[in-house]
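# Summary of structural features
Each chain, written out:
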Amino acid sequence: MTQGRRPGWHAGALAGKAVLVTGGGTGIGRACATSLAADGAAVTLCGRTESKLAEAAKRIEAACGHGGSVHYATADVTREEQVEAVVARAAEPTGHLDGCVANAGGGGGIGPYHVQDTEEFLRVLHLNVLGTLLCVKHCVPPMIAAGGGSFVGMSSIAGQQTHLWFGAYPVAKAGIEQMMRNAADEYGARKLRFNAIRPGFIATELMEGIPRDGAVYRSYIDQTPMGDVGQPEDVADLCRFLIGPESRWITGQVVNVDGGHSLRRGPDFSEFAEAIHGRSVLEGEATREGGR
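Predicted model only: the values in this text are computed from it and were never measured. (Residues numbered from 1 in each chain as written. Predicted model: local features only at pLDDT ≥ 70, side-chain atom pairs only at ≥ 80, totals over all residues. Heavy atoms only, no water.)

## Some thoughts on the overall build of the protein
Scanning the protein from N- to C-terminus turns up nine helices and seven strands. Relative to a compact globule of 292 residues, whose C-alpha radius of gyration would be 19 Å, the protein shows 19 Å and is just as compact. With the principal axes as the frame, the protein shows a C-alpha extent of 60 × 40 × 40 Å. Look at the contacts in the protein between residues 6 or more apart in sequence, and 77% of them connect residues 24 or more apart. Of the roughly 13800 Å² of accessible surface on the protein, a fraction of 51% belongs to carbon and sulfur atoms. Counting 27 positive and 32 negative side-chain charges, the protein places the centres of these two groups 6 Å from one another. (Helix = DSSP H or I, 4+ residues; strand = E, 2+ residues; numbered from the N terminus. Rg over C-alpha atoms; globule rule 2.2 N^0.38 Å. Contact = heavy atoms within 4.5 Å. Areas by Shrake-Rupley, 256 points an atom, 1.4 Å probe, with all protein chains shown as cover. Lys, Arg positive; Asp, Glu negative; His and termini not counted. Charge placed at Lys NZ, Arg CZ, Asp CG, Glu CD.)

## With respect to the pattern of salt bridges
Summed over the entire model, instances satisfying the criterion amount to 10 salt bridges. In this structure, the salt-bridge partner of arginine 198 is glutamate 177, at a minimum N-O distance of 2.7 Å. Here arginine 198, found in strand 6 (residues 192–199), pairs with glutamate 177, found in helix 5 (residues 168–187); they are 21 residues apart in sequence, far enough to count as distant. A relative accessible area of 9% places arginine 198 in the buried class. The residue arginine 279 makes a salt bridge to glutamate 274 at a minimum N-O spacing of 2.8 Å. Residue classification places arginine 279 among the partly exposed residues on the basis of a relative accessible area of 36%. Residue class for glutamate 274 comes out partly exposed when judged on its relative accessible area of 32%. Within the structure, one salt-bridge network assembled from shared partners comprises Asp39, Arg240 and Glu246. (Salt bridge = Lys/Arg side-chain N within 4 Å of Asp/Glu carboxyl O. Buried < 20%, exposed > 50% of the residue type's maximum accessible area, 1.4 Å probe, protein only.)

## Concerning the layout of surface pockets
A volume near 1300 Å³ is recorded for the largest pocket. Along the walls of the largest pocket sit 45 residues, with Gly105, Gly106, Gly107, Tyr169 and Leu206 positioned nearest its centre. If one sorts the elements of the lining of the largest pocket by residue count, helix 1 (residues 27–38) sits on top with three residues. In terms of residue class, the lining of the largest pocket is made up of 21 nonpolar, 19 polar and five charged. Estimated volume of the second largest pocket: approximately 460 Å³. Along the walls of the second largest pocket sit 21 residues, with Gly148, Gly149, Lys191, Arg193 and Arg248 positioned nearest its centre. Breaking the lining of the second largest pocket down by element, the ones donating at least two residues are strand 5 (149–154) and strand 6. (1 Å grid on protein atoms, 1.4 Å probe; cavity = no way out; pocket = protein on both sides within 12 Å on 5 of 7 lines; lining within 4 Å. Points joined across faces, edges and corners; volume = space filled by probe spheres on them. Nonpolar A, V, L, I, M, F, W, Y, C, P; charged D, E, K, R; others polar.)

## Brief notes about the confidence of the model for the protein
With 94% of its residues at a pLDDT of 70 or more, the protein has an overall mean of 93. Here residues 288–292 is a poorly scored stretch, pLDDT under 50, and it has nine contacts once near neighbours within four places are set aside; other chains count. (pLDDT = per-residue confidence, 0-100.)

## Let's talk about the sheet that holds strand 7 (residues 254–257)
In any sheet, the strands associate via hydrogen bonds between backbone groups, in a parallel or an antiparallel arrangement. Pairing is parallel in the open sheet, where seven strands are placed in the order 3-2-1-4-5-6-7. Each edge of the sheet is formed by a strand with only one pairing partner; in this case those strands are strand 3 (69–74) and strand 7. Direction aside, neighbouring strands of the sheet carry axes that sit 20° apart on average. Pairing of strand 5 with strand 6 involves six bridges; the strand directions are parallel. Of the residues in strand 6, the one forming a bridge with phenylalanine 151 is phenylalanine 194. In the packing of helix 7 (residues 232–243) onto the sheet, contacts are made with strand 1 (18–22), strand 4 (99–102), strand 5, strand 6 and strand 7, and the angle to strand 6 comes to roughly 170°. (Pairing = 2+ DSSP bridges. Axes fitted to C-alpha atoms, helices over the stretch in contact; angles between N-to-C directions.)

## Notes on unusual backbone geometry
The residue tryptophan 165 is not glycine, and still its phi comes out positive at about 70°. Within the secondary structure layout, tryptophan 165 lies in the loop between strand 5 and helix 5. Of note, the phi angle at lysine 191 is positive, near 70°, even though the residue is not glycine. Relative to the helices and strands, lysine 191 resides in the loop between helix 5 and strand 6. Residue lysine 191 is classed as exposed on the basis of its relative accessible area, which comes to 60%.

Okay, structure coming up:
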């Protein structure tokens, strides 16, 4: 039997919903939180730096609409007790939790694998993969109790395309994508949805270190069919859709927001890696310190 047509997207569709956004103090996280709060959600930001969270909350508050609100609490997503506490905090405004945007993450340790520092490699894995896992672990019970919910993991085109010399980062993002697929399968019967977003080059604070007149930036533009870089709001618009009711039949998916970059190849960070390690190391020459 065919169901009646449901209304499409409408302003205020997130009114009464509570959503946690990790890494919400800057960049993509802040943009996602702004979009959610503007559409009525009670958003709780978390991050490690209180001053950044307070500044972000002030900016987001001015954009709140349809009864939306913004709150914040410091937390390190690699520390389980802190994640558990911030999830509980996120449920306080409404008495339940309806969604999570696991945006906290980052890279480091640029260079070939044979000179990767083991501790740095693990730090990146923990920040991205363990941090997302702990959010899943502690958000699932309250979302089940709420009758359902939506979880968005933040990947990267590095989880799909090779990114020269990025070390643990592509590995970590690929891990997040598979975690979202598995979780979607495991919790679908409990009305929980899990999806991931793959941003390409997005103009955030983290990308400001790439000179706009350099070879690395040109490699991004040359490999992007739309010939530009994205904005945090481009990711936030998709995040709002995946958290909202309009995406109720979408789960276990990974969606690119990259201007078509994933149709070609990843960027070339060789000039950064060469400046750190030298050309001979990039060409595979063994070193005594490699792997330590």
